[in-house]
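Residue-level listing of the chains:
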Amino acid sequence: MKLTEIINSDSLSLSFEVFPPKTDDTFESVKQATEEIAELNPSYMSVTYGAGGGNSGYSLQIAENLKKKNVTPLAHLTCVSSTKDEIKAHLTDFKNNGIENILALRGDRPKDEAQLKTDYAYASELIRDIKEFGGFCIGGACYPESHPECESSFKDIENLKTKVEAGCEFLTTQMFFDNNVYYNFLYRLNNAGINVPVVAGIMPVTNPSSIKRICRISGSALPQRFVRIVDRFGDNAEAMLDAGIAYATEQIIDLFANGAKAVHVYSMNKPEVAKRIKNNLKSIIK
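Attention in this report is confined to the structure presented alongside it. Bear in mind that the values here come from a model prediction, so they are computed numbers and not experimental data.

**Some points on the packing of aromatic side chains**
- According to the stated counting rule, one finds 6 aromatic pairs in the structure shown.
- Between Phe 176 and Tyr 182, the ring centres sit 5.3 Å apart and the planes meet at 10 degrees, which makes this aromatic pair stacked. The pair Phe 176 / Tyr 182 is uniform in exposure class, with both members buried.
- Centre to centre, the rings of Phe 177 and Phe 226 are 5.3 Å apart; their planes meet at 25 degrees, and the pair counts as stacked. Of this pair, Phe 177 sits in the loop between strand S6 (170-173) and helix H7 (179-191) while Phe 226 sits in helix H9 (residues 224-233), and the two are 49 residues apart along the sequence.
- You can call Phe 177 buried: its relative accessible area is 3%.

This is how it looks when you write it as structure tokens:
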């Protein structure tokens, strides 16, 4: 099923993100974790794509397996370390294996500059090539607090408009911890004439040590309310797990209450986190 059919329906959408294994010896454990999340019957599940496409084969295998479990997969595809021919080969593999939905991303620049290819500089260029290839529902990423590398929020909105004009049919936000940031972002998109669906991305923070890295990647700021939670419970793993899930659940409830139709949870191969969030919302998304 095309993702736009899911997120444009009258039903509320709750989806989860998983990532593929990096090595053969962890494949089965990762596969099991993704299957446990799939048993929750999410609206769809996205499967990330390793830097440089190093574990792209695993990504496809996980996406195929989710499809067999009757869960719609959203396959990530990055381009900064790929040539046009390599991207075409990946698209052919996706198509041959029944993958209909792609989240088109530039990807993180590789630490080894030798891996950096010159065919793609921006995700919009990848989106245009996927559109020309045909047969896929194409999504893109967006940053409610602006892309960390972008010179201004105005330029960032212009870049998003370029993505949509290239063929992007929906956007998924990077994580944010203050819903007002998301609501303000939608206002700015509307003013710019960008009217594709915007899926809200929520990250349940259950490990305080990862917060700095998360904020660096997403460009997110931490509201003082969340900082206080980490200060109080960060040294207690079980308490932080409870607090992180509760905070994310409250964000999701507020989003649904204020008109959001689709929320994507960065569950990161953690079935327990996904299960508890889904259970907290069982009567809301019924």
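**Description of the packing of helix H5 (residues 123-133) against helix H6 (residues 153-166)**
- Look at H5 against H6: their axes get within 8 Å of each other, and the N-to-C directions meet at 10 degrees. On the basis of their axis angle, the class for H5 and H6 is roughly parallel. Contact residues: Ala 123, Ser 124, Ile 127, Arg 128 and Lys 131 in H5; Thr 162, Lys 163 and Ala 166 in H6.

**Examining the side chain of Ser 46**
- Within the secondary structure, Ser 46 sits in strand S2 (residues 45-47).
- On the basis of relative accessibility, which here comes to 0%, the residue Ser 46 falls in the buried class.
- Only 2.9 Å separates the side chain of Ser 46 from the side chain of Glu 17, close enough to count as a polar contact.
- There is a polar contact of 3.0 Å between the side chain of Ser 46 and the side chain of His 264.
- For Ser 46, the residues in contact, after removing those within four places along its chain, are Phe 16, Glu 17, Val 18, Leu 74, His 76 and His 264.

**A closer look at the pairing of strand S5 (residues 137-142)**
- With respect to burial, S5 is a largely interior element, 6 of its 6 residues being buried.
- Note: strand S4 (residues 101-105) against S5, 4 bridges, orientation parallel. Among the inter-strand pairings, Leu 103 is bridged to a residue of S5, identified as Gly 139.
- Here S5 runs beside S6; their pairing, made up of 4 bridges, is parallel. Each bridged residue has a counterpart across the sheet, and for Ala 141 the counterpart in S6 is Thr 172.
- As a crossover connection, the stretch from S5 through H6 into S6 is right-handed.

**A closer look at the nonpolar core**
- Ranked by size, the top nonpolar core spans 61 residues in total, and within it Leu 77, Phe 94, Ile 130, Ile 252 and Val 263 carry the most contacts.
- Residues within four places of Leu 77 in sequence aside, it is in contact with Tyr 49, Ile 87, His 90, Leu 91, Phe 94, Ile 102, Leu 103, Ala 104, Leu 105, Leu 126 and Ile 130.
- Within the second largest apolar cluster, 13 residues are counted, among which are Met 175, Met 203, Ile 211 and Tyr 266.

**Comments concerning the sheet that holds S5**
- Pairing within the closed barrel is parallel, and its 8 strands lie in the order S1-S2-S3-S4-S5-S6-S7-S8. Across the sheet, the mean angle from the axis of one strand to that of its neighbour is 30 degrees, orientation sign disregarded.
- Across 4 bridges, strand S1 (residues 13-18) lies against strand S8 (residues 262-265) in parallel orientation. Within S8, the position partnered with Phe 16 by the bridge is Val 265.
- Contacting strand S3 (73-78), S4 and S5, H5 crosses the sheet at an angle of about 150 degrees to S4.

**Here we look at H7**
- In a regular helix each residue adds 1.5 Å, so 13 residues correspond to 18 Å; H7 covers 19 Å between its end C-alpha atoms and thus fits that length.
- Among the residues of H7, those classed as buried are Asn 179, Val 181, Tyr 182, Phe 185 and Leu 189. In a view along the axis of H7, the buried residues occupy a sector of 150 degrees, so they form one face of it. Away from the buried face of H7 by more than 90 degrees, exposed residues Asn 180, Tyr 187, Asn 190 and Asn 191 are located.
- Against S5, H6, S6, strand S7 (198-202) and helix H10 (237-257) lie the buried residues of H7.
- Capping the start of H7 is the job of one residue whose side-chain oxygen sits 3.0 Å from the backbone nitrogen of Asn 180: Asp 178.

Rules and cut-offs
Residues numbered from 1 in each chain as written. Predicted model: local features only at pLDDT ≥ 70, side-chain atom pairs only at ≥ 80, totals over all residues. Heavy atoms only, no water. Phe/Tyr/Trp six-rings, centres within 6.5 Å; stacked < 30°, edge-to-face > 60°. Buried < 20%, exposed > 50% of the residue type's maximum accessible area, 1.4 Å probe, protein only. Helix = DSSP H or I, 4+ residues; strand = E, 2+ residues; numbered from the N terminus. Axes fitted to C-alpha atoms, helices over the stretch in contact; angles between N-to-C directions. Parallel < 35°, antiparallel > 145°, perpendicular 65-115°, else oblique. Contact = heavy atoms within 4.5 Å. Polar contact = N/O pair within 3.5 Å; in protein donor to acceptor, adjacent residues only side chain to side chain. Pairing = 2+ DSSP bridges. Right-handed = clockwise from strand over helix to strand, strands pointing away. Core = buried A, V, L, I, M, F, W, Y, C linked by side-chain atoms within 4.5 Å. Expected span 1.5 Å × (residues − 1). Arc of directions from axis to C-beta.

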